[in-house]
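# Notes for the structure review
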Amino acid sequence: MTIPDAEALQSSLRPETLSGLELLQVLPEIDSTNRYLLDQPPPSPGCFHVVLADYQTAGRGRMGKVWRAQRSSSILLSIAYVFRSPPRTLPTLSLAVGVAIVEVLRELEVAAVALKWPNDILVDEAKLGGILIEARGAASANVLTVIGLGLNVDLAGASEKELAPDRSGPIIDLKHCAEDLPARVTVAALLIDAVCNALRRFDDQGFAAFRDGWNNCDWLRGRHTTVETASGRITGAADGVDEDGALLLMTRDGRRSVRSGSIVVSALNGPKT
């Protein structure tokens, strides 16, 4: 696959996206699309800066994990946004963006796509992509927020160890889970439209507008789950998320909420807690 053409990408975007688009760049190589946008002047409140790269030399995921992709194999995309009013629960943004991405993938007839709290996109048990939200200026009203998305399109036989050396578990690409996959530029445009629309909805309505959608694609719900947190491990049956996006676990000691952590064990129909 060749790198998408910036002009073709822009012409594929919806008018409502274009109305708020202040910057669109397609780059052959960069260290990190998120880092690039965090270092640039921010867009006007309610508007977007978008960068798509063919290859990243220092891509990363949540909690410092490595995100690798072969050249021309993935969609590596970041969108910068400044909220018109400071969001009450910014950590829920990754959940809202995930819901918007799943809706696009379902339109592409990707079967069994789901979201694993807080930022993984899965097909069955395999990772298709991930979301990384970063912000600057949290002490001010105009918080620059950058939404990063990495989505596997055609990995051409690359192994899990090559692409995710600090991750255990299978990976998958769109080529193997969508029968009639459009060109990468078309998929990228659909994702940009969806994320930009989600940002505006989140700006207006917060996570409440997305919570039902999350519940409809929650991969962890009902699974016996262990989460590694700063204070230790918490184990229980996953029971959705609360209004602030915290993961709810039914443990032996009652319901617990987890606001930050890494899933280390999850099993469907595991032992009761």
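Here the structure is shown first, and the text comes after it.
These remarks concern the structure in this document. Source: prediction; values computed, not measured.

About the criteria used
Residues numbered from 1 in each chain as written. Predicted model: local features only at pLDDT ≥ 70, side-chain atom pairs only at ≥ 80, totals over all residues. Heavy atoms only, no water. Helix = DSSP H or I, 4+ residues; strand = E, 2+ residues; numbered from the N terminus. Core = buried A, V, L, I, M, F, W, Y, C linked by side-chain atoms within 4.5 Å. Buried < 20%, exposed > 50% of the residue type's maximum accessible area, 1.4 Å probe, protein only. Contact = heavy atoms within 4.5 Å. Axes fitted to C-alpha atoms, helices over the stretch in contact; angles between N-to-C directions. Parallel < 35°, antiparallel > 145°, perpendicular 65-115°, else oblique. Left-handed = near helix turned anticlockwise from the far one by under 90°. Nonpolar A, V, L, I, M, F, W, Y, C, P; charged D, E, K, R; others polar.

Cis geometry marks the peptide bond from tryptophan 117 to proline 118, where omega comes out at 0 degrees. By the element assignment, proline 118 lies in the loop between strand 4 (113–116) and strand 5 (120–123). Of note in this structure, alanine 112 is not a glycine but carries a positive phi near 60 degrees. Residue placement: alanine 112 occurs in the loop between helix 4 (93–107) and strand 4.

This part is about the nonpolar core. The biggest cluster of nonpolar side chains holds 69 residues, and the ones touching the most others in it are Leu105 and Ile121. Looking at which element gives the most residues to this core, the answer is helix 6 (residues 184–205), with 12 residues. Setting aside its immediate chain neighbours within four residues, leucine 105 contacts Val110, Val113, Ile121, Leu128, Leu151 and Leu174. Counting residues in each nonpolar core, the second largest holds 10 residues, with Leu27, Leu37, Ala80 and Val82 among its members.

Our focus in this paragraph is the packing of helix 4 against helix 6. Two elements in contact, helix 4 and helix 6, have axes whose closest approach is 9 Å; the angle formed by their N-to-C orientations is 140 degrees. Considered as vectors, helix 4 and helix 6 are oriented oblique to each other. For the crossing formed where helix 4 meets helix 6, the hand is right-handed. Residues Leu93, Ala96, Val97, Ala100, Ile101 and Val104 of helix 4 pack against Leu190, Leu191, Ala194, Val195, Ala198, Leu199 and Phe202 of helix 6. Residue composition of the contact of helix 4 with helix 6, grouped by class: 13 nonpolar, no polar and no charged.

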